[in-house]
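# Structural characterization, general
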Amino acid sequence: MMSAEAEITPVYAQGFYVVTQGAVQMIIIFDYVDKGQYYHRLLRKGGEELAREVDTVWQNMQSFMDEEIVRVNGQRVRPLIHDVYIGLRGSPTRPYITFVGSFPAPLKPGENTYENYYEKEVAEYDYEAVWIFPQNAEVVEWYFHGEVETPEPNILRVSVSKGTEVGGREYIKFLIK
């Protein structure tokens, strides 16, 4: 690992999960502090080196996705990453990486369940996940580590603080009317 890469620290992440009949669309954004300005230099340079880095982070994220067991209504589904963007948030030391992906969601009228199983770990940074279900859906039960709120019947928001133990089984039960 190059010394500049060693100075890249994840500081925050957001995931947006839009549930539709047939699929869950994912947008996951990681924010970093990059004191060595590795990504700034890479973005300015572009070309093959940037393409290799995009491919590397894409494959790493897909590998993490492949380690998780995701089920919708008991059926195992595979999250896939479709695209990756690397950018800067107004400063050469504030890069972000956006992953766009999806997984199948075989929904049915009545009760539906999303489940995710992954290794237990301690959150290294704050993050949040926002789940947006169809207008005719209502979230009725869930289990996540961190703080959970349902500001609307079809929206679930999870906030996890750095240092929180996460992992194991997480789930959301929701009704499609």
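Shown above is the structure to which this text applies.
From a predicted model like this one, the values you see are computed outputs, not experimental measurements.

Let's shift gears to the nonpolar core. If you look at the biggest cluster of nonpolar residues, it comprises 45 residues, and the most contacted ones within it are Phe99, Phe103, Trp131 and Ile172. Discounting chain neighbours no more than four positions away, the residues touching Phe99 are Met26, Ile27, Ile28, Phe30, Val57, Trp58, Met61, Ile81, Asp83 and Val84.

Overall, the coordinates contain 1 cavity of 30 Å³ or more when judged by the stated rule. In this model, the largest cavity occupies a volume close to 40 Å³. Along its surface, the largest cavity is lined by Val19, Val24, Val72, Phe103, Ala105, Leu107, Tyr114, Trp131, Phe133 and Phe174. In the lining of the largest cavity, the residues fall into 10 nonpolar, no polar and no charged.

Before going further, it helps to examine the side chain of Glu128. Along the chain, the position of Glu128 falls in strand E8 (residues 126–132). Separated by 2.7 Å, the side chains of Glu128 and Arg157 make a polar contact. Setting aside anything within four residues of it in sequence, one finds Glu128 in contact with Tyr12, Ala13, Gln14, Gly15, Arg157, Val158 and Ser159.

The next thing to look at is the packing of aromatic side chains. Considering all chains together, one arrives at 9 aromatic pairs under this definition. Ring centres 6.0 Å apart and planes at 25 degrees place the aromatic pair Phe103 and Tyr114 in the stacked group. Taken together, the positions of Phe103 in strand E6 (residues 95–105) and Tyr114 in strand E7 (residues 110–122) put the pair 11 residues apart, joining distant regions of the chain. Between the aromatic rings of Tyr114 and Trp131, the centroid separation amounts to 4.5 Å while the plane-to-plane angle is 50 degrees, which identifies the pairing as tilted. Highlighted residues: Tyr114 in strand E7 and Trp131 in strand E8, separated in sequence by 17 residues. When its relative accessible area of 3% is taken as the criterion, Trp131 is described as buried. An aromatic cluster is present here, built from Tyr17, Phe103, Tyr114, Trp131, Phe133 and Phe174 joined pairwise through their rings. The lysine or arginine in question, Arg89, covers the ring of Tyr96, its NZ or CZ lying 4.6 Å from the ring centre.

So, about a negative patch on the surface. A surface patch of negative charge is lined by Glu67, Glu119, Glu121 and Glu124. Among the secondary structure elements, Glu121 is positioned in strand E7.

This part covers the layout of surface pockets. Computed from the structure, the largest pocket encloses a volume of approximately 1,500 Å³. In terms of lining residues, the largest pocket is bounded by 48 residues, among which Phe30, Met61, Phe64, Glu121 and Tyr125 are the most central. With 8 residues, helix H3 (residues 47–67) is the single largest residue contributor to the lining of the largest pocket. A breakdown of the residues in the lining of the largest pocket according to their chemical character gives 33 nonpolar, 6 polar and 9 charged.

Take unusual backbone geometry next. Its identity as a non-glycine residue notwithstanding, Gln37 has a phi of 55 degrees, on the positive side. Locating Gln37 in the fold gives a position in the loop between strand E2 (22–34) and helix H2 (38–45). Since its relative accessible area comes to 29%, Gln37 is described here as partly exposed. For Asn73, which is not glycine, the phi dihedral falls at a positive 50 degrees. Counting through the fold element by element, Asn73 comes out in the loop between strand E3 (69–72) and strand E4 (75–77). A relative accessible area of 25% means that Asn73 is categorised as partly exposed.

Calculation notes
- Residues numbered from 1 in each chain as written.
- Predicted model: local features only at pLDDT ≥ 70, side-chain atom pairs only at ≥ 80, totals over all residues.
- Heavy atoms only, no water.
- Core = buried A, V, L, I, M, F, W, Y, C linked by side-chain atoms within 4.5 Å.
- Buried < 20%, exposed > 50% of the residue type's maximum accessible area, 1.4 Å probe, protein only.
- Contact = heavy atoms within 4.5 Å.
- 1 Å grid on protein atoms, 1.4 Å probe; cavity = no way out; pocket = protein on both sides within 12 Å on 5 of 7 lines; lining within 4 Å.
- Points joined across faces, edges and corners; volume = space filled by probe spheres on them.
- Nonpolar A, V, L, I, M, F, W, Y, C, P; charged D, E, K, R; others polar.
- Helix = DSSP H or I, 4+ residues; strand = E, 2+ residues; numbered from the N terminus.
- Polar contact = N/O pair within 3.5 Å; in protein donor to acceptor, adjacent residues only side chain to side chain.
- Phe/Tyr/Trp six-rings, centres within 6.5 Å; stacked < 30°, edge-to-face > 60°.
- Lys NZ or Arg CZ within 6 Å of the ring centre and 35° of its normal.
- Patch = residues over 30% accessible without salt bridge, like charges linked within 9 Å, V, L, I, M, F, W, Y side chains within 5 Å.
- Areas by Shrake-Rupley, 256 points an atom, 1.4 Å probe, with all protein chains shown as cover.
- Salt bridge = Lys/Arg side-chain N within 4 Å of Asp/Glu carboxyl O.
- Lys, Arg positive; Asp, Glu negative; His and termini not counted.
- Charge placed at Lys NZ, Arg CZ, Asp CG, Glu CD.

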